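A closer look at the structure
Take a look at the letters that make up each chain.
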Amino acid sequence: MMLLAAATSAYHLPSAARAAPPLLLPRAPALMVAHAEAPPLEAAGRGGKGKKVFVLGGDGFCGWPTAVHLSNAGHDVVIIDNLSRRKIDLELGCESLTPISSPEVRVAAWNELSGRNMRFEYMDIAKEYDRFLQMIKEEKPDTMVHFAEQRAAPYSMKSGATKRYTVENNVGASHNAVCAIVESGLDIHLVHLGTMGVYGYGNSGGKIPEGYIDVTLPGGRERNILHPAYPGSVYHATKCLDALLFQFYAKNDQLRITDLHQGIVWGTNTPLTSKDERLCNRFDYDGEYGTVLNRFLMQAACGIPLTVYGTGGQTRAFIHITDTCKCIELAVNNPPVGGERVKILNQVAQTARVRDLAQLIGSMTGAKVQLTANPRAEDAENELEVSNDQFKEMGLDPILLDSAAGLLTEVQEIATKYQHRCDRSKVVSKSFWNKGTAKAAEGKTVDVGAKTVV
Ligand SMILES: NC(=O)c1ccc[n+]([C@@H]2O[C@H](COP(=O)([O-])OP(=O)(O)OC[C@H]3O[C@@H](n4cnc5c(N)ncnc54)[C@H](O)[C@@H]3O)[C@@H](O)[C@H]2O)c1
C-alpha cells in the first residue's frame, strides 16, 4: 500500500528533477576482492520484528553499508539522500577511488541479491522540509538514522562559502529531522552520527566519558553535565550545535535520541558490500575527504609517500566500517525511552597516534613517509583515552588494528586494483585553517623513511 502511494505522493519527485545527475556507471558483474567472512543473507523480515528505518544520507560512505546491513538484518530500509557528496566530487574535480554505482543501481542490485525491498528517495532534508515531513507522516518510520551532513573538516574550512554551506546544511538537516518528528506526532527514534571531535582531543584531562561528565561547581555542588564542546573546525562546530538541539528536543518534547560520537572510519567494503561490484562502497582519498588511515593505505598502494601532518603526534579514535554498521544496528535495537536525556555513546574501537599508523603502513608496504606542515590548527601532540563501555556492554567486540592485518591488506588490495583512477594532484589538502597555517605550509615538506619518523 505504502509503496503504491509513494509513486504519486507529495514527497515523491521523479529522479529527472535532480539538480545534477548521479554518476551512472555501467553494471559491473565482476565480484569485488573477496571478503573473508561474508555472511549469508538473512531471511527477510525476521518474523515481523524488523523496523521501518529511514537512512538519511544512505548513499554515503558510512550510510550505504549501514543501509545494506540493516536491510540484511530484516529492517525495512528507505534511503533518503540529496547526492550532495557526489556533487562535491564534481566540484572538487575528484571522485571515489572505487567506481560506485548510482543509488538506483545499488539499491536494485541489493534487492536482486537479497530479495529485500530497499528504496531510495532523492531529497534534501535541509531544504525540503515540507516534503520530508510529508514522507515521514505517510511512511511512519520507527527509526531515522541520520548521516546526512557535510562531513569533512578540511572541506568545511576551505572558504567562506564552504563554511556557510556546512553550517546551513548540517544544522538545517539536524534541526529539520527533530522538528519533523515533533510535527509528525510520531514516536520516532533518531540515531545521529556525531563525532569524537566534539570533545576536543584530550581536553578533559583523562579518559573521555560518553557524552556526560561529572563536575564540581563552585561551592562544591556536584553535577553530571553534557561534556563541554571544544570543536576544532566549522564541521566539528556543527556537531556541537546538533548536540545542543538534541538536548533541547529530548527535554522539551521527550524525543528519543541517540547521538553516536564516532571515531575516524577506515576500510571500504563490508562483508555484504563485497558481494557484488555494483554494491561497492566509496573510497575517498583526496586531501579534503580522505581520512587518515585510508589515505595512507591508498598512498602506499599508489607509490605516493604517506603525508603526515606536523610531527604526526596527533592521537585520534578509529573504527572499521564493518563495526560502524554493527554499532548502528545496536543503537537501532536499543533506543532510549521517551523523557530520558539524549543517549550518547562513543562509537570507537581504539585510539592510535598518526605517526604510529604511518609506521604500521610503512612497515607493511615499504612506503616512505613525508612530513608536511600541518594545514590544521591543532595541538602537535595529544593523548587520547576514550570510554566505549556502552557498545561493549551491548556485545560489540571491535576490530582492532593489531589484529586487523587482513583487513588492512584488503583495503590496500582495493586501492591497488583502482590505482589507475587516482588523481595524484588531489592527494594533498588545499584547505588551511587560517592564514598562519597557510603561510607555514609554503614549501615545507620533508621526505623521510618510515622508520625515522617514529
Ligand atoms: N567518515 C568518517 O570517518 C566519520 C567519522 C565520524 C563521524 N562521521 C559522521 O558520519 C556521517 C556520515 O559520514 P560519511 O563519511 O558517510 O559521509 P558522506 O559524505 O560519505 O555521506 C553523507 C551523505 O549524506 C548526504 N547528505 C548530505 N547532506 C544532505 C542533505 N541535506 N539531505 C540529504 N542528504 C544529504 C550526502 O549526499 C552523502 O551521501 C556524517 O554525519 C559524519 O559527520 C563520519
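Residues numbered from 1 in each chain as written. Predicted model: local features only at pLDDT ≥ 70, side-chain atom pairs only at ≥ 80, totals over all residues.

Sheets are built from strands paired through backbone hydrogen bonds, the pairs being either parallel or antiparallel. Strand order in the open sheet formed by 3 strands is β9-β11-β13, with mixed pairing between adjacent strands. Lying at the two open borders of the sheet, with one neighbouring strand each, are β9 (264–266) and β13 (350–353). Pairwise comparison of adjacent strand axes, ignoring direction, gives a mean angle of 45 degrees for this sheet. Here 3 bridges tie β9 to strand β11 (residues 315–320), and the two strands are oriented parallel to one another. (Pairing = 2+ DSSP bridges. Helix = DSSP H or I, 4+ residues; strand = E, 2+ residues; numbered from the N terminus. Axes fitted to C-alpha atoms, helices over the stretch in contact; angles between N-to-C directions.)

Right, let's get into the nonpolar core. Within the largest apolar cluster, 103 residues are counted, with the highest numbers of intra-cluster contacts made by Leu56 and Leu297. Other than its neighbours up to four places away in sequence, Leu297 contacts Ile361, Leu408, Val411, Gln412 and Ala415. Core analysis: the next-biggest nonpolar cluster, separate from the first, contains 8 residues, Ala152, Ala153, Met157 and Tyr289 among them. (Core = buried A, V, L, I, M, F, W, Y, C linked by C-beta atoms within 7 Å. Buried ≥ 20, exposed ≤ 12 C-beta atoms within 10 Å, placed from the backbone. Contact = placed C-beta atoms within 7 Å.)

With that settled, the discussion passes to the site of the ligand. Around the ligand, the surrounding shell holds 26 residues, and the nearest of these are Gly57, Gly60, Cys62, Arg151 and Leu193. Breaking the shell around the ligand down by element, the ones donating at least two residues are α3 (84–92), α7 (160–184), β5 (189–195) and β9. For the shell around the ligand, the residue count by class is 11 nonpolar, 9 polar and 6 charged. (Near = placed C-beta within 6 Å. Nonpolar A, V, L, I, M, F, W, Y, C, P; charged D, E, K, R; others polar.)

Within a regular beta strand, the side chains point alternately toward one face of the sheet and then the other, so they alternate between its two faces. Of all 7 residues in β5, 7 are buried; the element is thus mostly enclosed. Residues His189, Val191, Leu193 and Thr195 line one face of β5 and the alternating positions Leu190, His192 and Gly194 line the opposite face, and both faces are buried.

Time to look at the environment of Leu245. Mapped onto the elements of the fold, Leu245 is located in helix α8 (residues 234–253). When the C-alpha positions of Leu245 and Val171 are compared, they lie 8.9 Å apart, and in sequence the two are 74 residues distant. Those residues within four positions of Leu245 in sequence are excluded, and the remaining contacts are Ser174, His175 and Val178.

It is worth spelling out helix α2 (residues 63–72) at this point. Counting buried positions along α2 yields 10 of 10 residues, so the element is predominantly enclosed. Residues of α2 that are buried include every one of Gly63, Trp64, Pro65, Thr66, Ala67, Val68, His69, Leu70, Ser71 and Asn72, and no others. Lining the buried residues of α2 we find β1 (52–56), β2 (76–81), α4 (103–114), β4 (143–146) and α10 (321–333). Note on α2: the residue one or two positions beyond its end, Gly74, has a positive phi of about 105 degrees.

Further remarks concern the confidence of the model for the protein chain. For the protein chain, the average pLDDT comes to 87, and 86% of its residues sit at 70 or higher. When the criterion is pLDDT under 50, residues 1–8 qualifies, and its contacts beyond four places in sequence or with other chains add up to 5 contacts. (pLDDT = per-residue confidence, 0-100.)

Before going further, it helps to examine the sheet that holds β1. Strand order in this open sheet of 7 strands is β3-β2-β1-β4-β5-β8-β12, and the pairing throughout is parallel. Taken across any chain shown, the strands that pair with only one partner, and hence form the sheet edges, are β3 (119–122) and β12 (343–347). Averaged over all pairs of adjacent strands, the angle between strand axes in this sheet comes to 20 degrees, irrespective of strand direction. Sheet topology places β4 next to β5; 4 bridges connect them, and they run parallel. When the sheet's bridge partners are listed, Thr143 is paired in β5 with His189.

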